[in-house]
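The primary structure of each chain is shown beneath.
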Amino acid sequence: DQQVKQNSPSLSVQEGRISILNCDYTNSMFDYFLWYKKYPAEGPTFLISISSIKDKNEDGRFTVFLNKSAKHLSLHIVPSQPGDSAVYFCAASAFHFGNEKLTFGTGTRLTIIP
Amino acid sequence: NAGVTQTPKFRILKIGQSMTLQCAQDMNHNYMYWYRQDPGMGLKLIYYSVGAGITDKGEVPNGYNVSRSTTEDFPLRLELAAPSQTSVYFCAISPDRGNSVGYTEAFFGQGTRLTVV
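Figured I'd write up the structure that's included with this text.

Conventions used here
Residues numbered from 1 in each chain as written. Chains lettered and ligands numbered in written order. Predicted model: local features only at pLDDT ≥ 70, side-chain atom pairs only at ≥ 80, totals over all residues. Heavy atoms only, no water. Pairing = 2+ DSSP bridges. Helix = DSSP H or I, 4+ residues; strand = E, 2+ residues; numbered from the N terminus. Axes fitted to C-alpha atoms, helices over the stretch in contact; angles between N-to-C directions. Phe/Tyr/Trp six-rings, centres within 6.5 Å; stacked < 30°, edge-to-face > 60°. Lys NZ or Arg CZ within 6 Å of the ring centre and 35° of its normal. Contact = heavy atoms within 4.5 Å. Buried area = accessible area lost by both parts, 1.4 Å probe. Nonpolar A, V, L, I, M, F, W, Y, C, P; charged D, E, K, R; others polar. Buried < 20%, exposed > 50% of the residue type's maximum accessible area, 1.4 Å probe, protein only. Patch = residues over 30% accessible without salt bridge, like charges linked within 9 Å, V, L, I, M, F, W, Y side chains within 5 Å. Areas by Shrake-Rupley, 256 points an atom, 1.4 Å probe, with all protein chains shown as cover. Salt bridge = Lys/Arg side-chain N within 4 Å of Asp/Glu carboxyl O. Core = buried A, V, L, I, M, F, W, Y, C linked by side-chain atoms within 4.5 Å.

**So, the sheet that holds strand 7 (residues 64–66) of chain B**
Residue and element names in this part refer to chain B.
Turning to step 1, where the next piece is worked out: Spatial strand order, 1-3-8-7: 4 strands in an open sheet with antiparallel pairing. What marks the edges here is a single partner per strand, and that holds for strand 1 (4–7) and strand 7. Each strand axis lies, on average, 20 degrees off the axis of its neighbour in the sheet, ignoring direction.
Turning to step 2, where the next piece is worked out: For strand 7 and strand 8 (residues 76–78), the ladder comprises 3 bridges, and the chain directions are antiparallel. Counted as the bridge partner of Tyr64 is Leu78 from strand 8.

Below, the structure written as structure tokens:
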């Protein structure tokens, strides 16, 4: 039962253009969402997050959008840079004392073409 | 403040051997996780723990065991290594939510690359 889904295993984008990575979830109890970035041979590192009380959160070139009715979130990277080439994971958490574990999607490999 | 420390970084095991992957944290977070990432694949949850003395299975627990006797340590045990357990293993930690809009960033270790031959 994959509660967090990233349906695109890979994405290629021209340098300077916008990269849009998508994530869908099924558990309506999820109320906090995060994006992680992973380079080869390294552990994932936190990128940006959003609470369900918001529908948008920006941090520099990175913006996360949340559509609660569609149970969908997306990560926009503008402009895309070669250093953005990595695997991106979305994750979700539900506020429930004693069971707030993070659930991760399967990841999308982003390749920025120079 | 090292965050999450995983040892060893690399290991080659023969089929049927056993080993323990170590994970230690210095951030006093209650939640600890073990994930595996197979080549070209995403993160799959093996086991997790919500605090000392409490563990639970994730998606792919078969062939593994865990224990959580302290807040700091969460070792992952492979009893009879199989080629299907060749993977990169990541330990992660995250805090309690605290409140309904709390910040729950997870921190990952650098990974243990395990090859079973």
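**What about the sheet that holds strand 7 (residues 62–67) of chain A?**
Residue and element names in this part refer to chain A.
Turning to step 1, where the next piece is worked out: Sheet architecture is open: 5 strands sit in the order 1-3-8-7-6, paired in antiparallel fashion. Bordering the open sheet on either side are strand 1 (4–5) and strand 6 (56–59), each of which pairs with just one other strand.
Turning to step 2, where the next piece is worked out: Sheet topology places strand 1 next to strand 3 (residues 19–25); 2 bridges connect them, and they run antiparallel. Looking at the pairing, Lys5 lines up with Asp24 of strand 3.

**Describing the packing of aromatic side chains**
Turning to step 1, where the next piece is worked out: Inspection of the entire model under this criterion finds 12 aromatic pairs over all chains.
Turning to step 2, where the next piece is worked out: Among the aromatic residues, those joined into a ring-pair cluster are Tyr36(A), Phe46(A), Phe104(A), Tyr31(B), Tyr33(B), Tyr35(B), Phe90(B) and Phe108(B).
Turning to step 3, where the next piece is worked out: Above the plane of the ring of Phe74(B) lies Arg68(B), whose end atom (NZ or CZ) is 6.0 Å from the centre.

**A short note on the interface of chain A and chain B**
Where interface size is given, it is often the accessible area lost as the parts come together that is meant.
Turning to step 1, where the next piece is worked out: Counting residues at the interface gives 27 residues for chain A, matched by 28 residues for chain B.
Turning to step 2, where the next piece is worked out: Overall, the association of chain A and chain B removes approximately 2,100 Å² of surface from exposure, summing both partners, and the carbon and sulfur fraction of that is 58%.
Turning to step 3, where the next piece is worked out: Of all the secondary-structure elements, those providing two or more residues to the side of chain A that touches chain B are strand 4 (30–38), strand 5 (45–51) and strand 9 (86–94) of chain A.
Turning to step 4, where the next piece is worked out: Of the residues that constitute the side of chain A that touches chain B, the class distribution is 12 nonpolar, 9 polar and 6 charged.

**Structural notes on unusual backbone geometry**
Turning to step 1, where the next piece is worked out: Of the consecutive residues Val78(A) and Pro79(A), the connecting peptide bond is found in the cis state with omega at -15 degrees.
Turning to step 2, where the next piece is worked out: In this structure, Pro79(A) sits in the loop between strand 8 (72–77) and strand 9.
Turning to step 3, where the next piece is worked out: At the junction of Thr7(B) and Pro8(B), the peptide bond is cis and its omega measures out at -5 degrees in the coordinates.
Turning to step 4, where the next piece is worked out: Relative to the elements of secondary structure, Pro8(B) occurs in the loop between strand 1 and strand 2 (10–13).
Turning to step 5, where the next piece is worked out: Notably, Ala41(A) is not glycine yet its phi reads approximately 65 degrees, a positive angle.
Turning to step 6, where the next piece is worked out: With respect to the helices, strands and loops of the structure, Ala41(A) is situated in the loop between strand 4 and strand 5.
Turning to step 7, where the next piece is worked out: One non-glycine residue with positive phi stands out, namely Asn28(B), at about 60 degrees.
Turning to step 8, where the next piece is worked out: Mapped onto the secondary structure, Asn28(B) falls in the loop between strand 3 (19–25) and strand 4 (31–37).
Turning to step 9, where the next piece is worked out: The exposure class assigned to Asn28(B) is exposed, which follows from its relative accessible area of 59%.

**Details of the side chain of Thr63(A)**
Turning to step 1, where the next piece is worked out: Topologically, Thr63(A) is positioned in strand 7.
Turning to step 2, where the next piece is worked out: If we ignore the near neighbours within four places in the chain, the residues touching Thr63(A) are Ile48(A), Lys56(A), Asn57(A), Glu58(A), Ser74(A), Leu75(A) and His76(A).

**Here's the deal with a nonpolar patch on the surface**
Residue and element names in this part refer to chain A.
Turning to step 1, where the next piece is worked out: A contiguous nonpolar surface patch, about 220 Å² in accessible area, is contributed by Ile18, Ile20 and Val78.
Turning to step 2, where the next piece is worked out: Inspection of the secondary structure assignment puts Val78 in the loop between strand 8 and strand 9.
Turning to step 3, where the next piece is worked out: For Val78, a relative accessible area of 41% translates into the label partly exposed.

**Points about the nonpolar core**
Residue and element names in this part refer to chain A.
Turning to step 1, where the next piece is worked out: Judged by nonpolar contacts, the single largest core of 24 residues is most densely connected at Phe33, Trp35, Leu73, Leu75 and Tyr88.
Turning to step 2, where the next piece is worked out: Listing elements by their share of this core, those giving two or more residues are strand 3, strand 4, strand 5, strand 7, strand 8, strand 9 and strand 11 (108–113).
Turning to step 3, where the next piece is worked out: Counting residues per element, this core draws most heavily on strand 9, which supplies 5 residues.
Turning to step 4, where the next piece is worked out: If near-sequence neighbours (up to four positions away) are discounted, Phe33 is found in contact with Tyr25, Ile48, Ser49, Ile50, Leu66, Leu73, Ala91 and Ala92.

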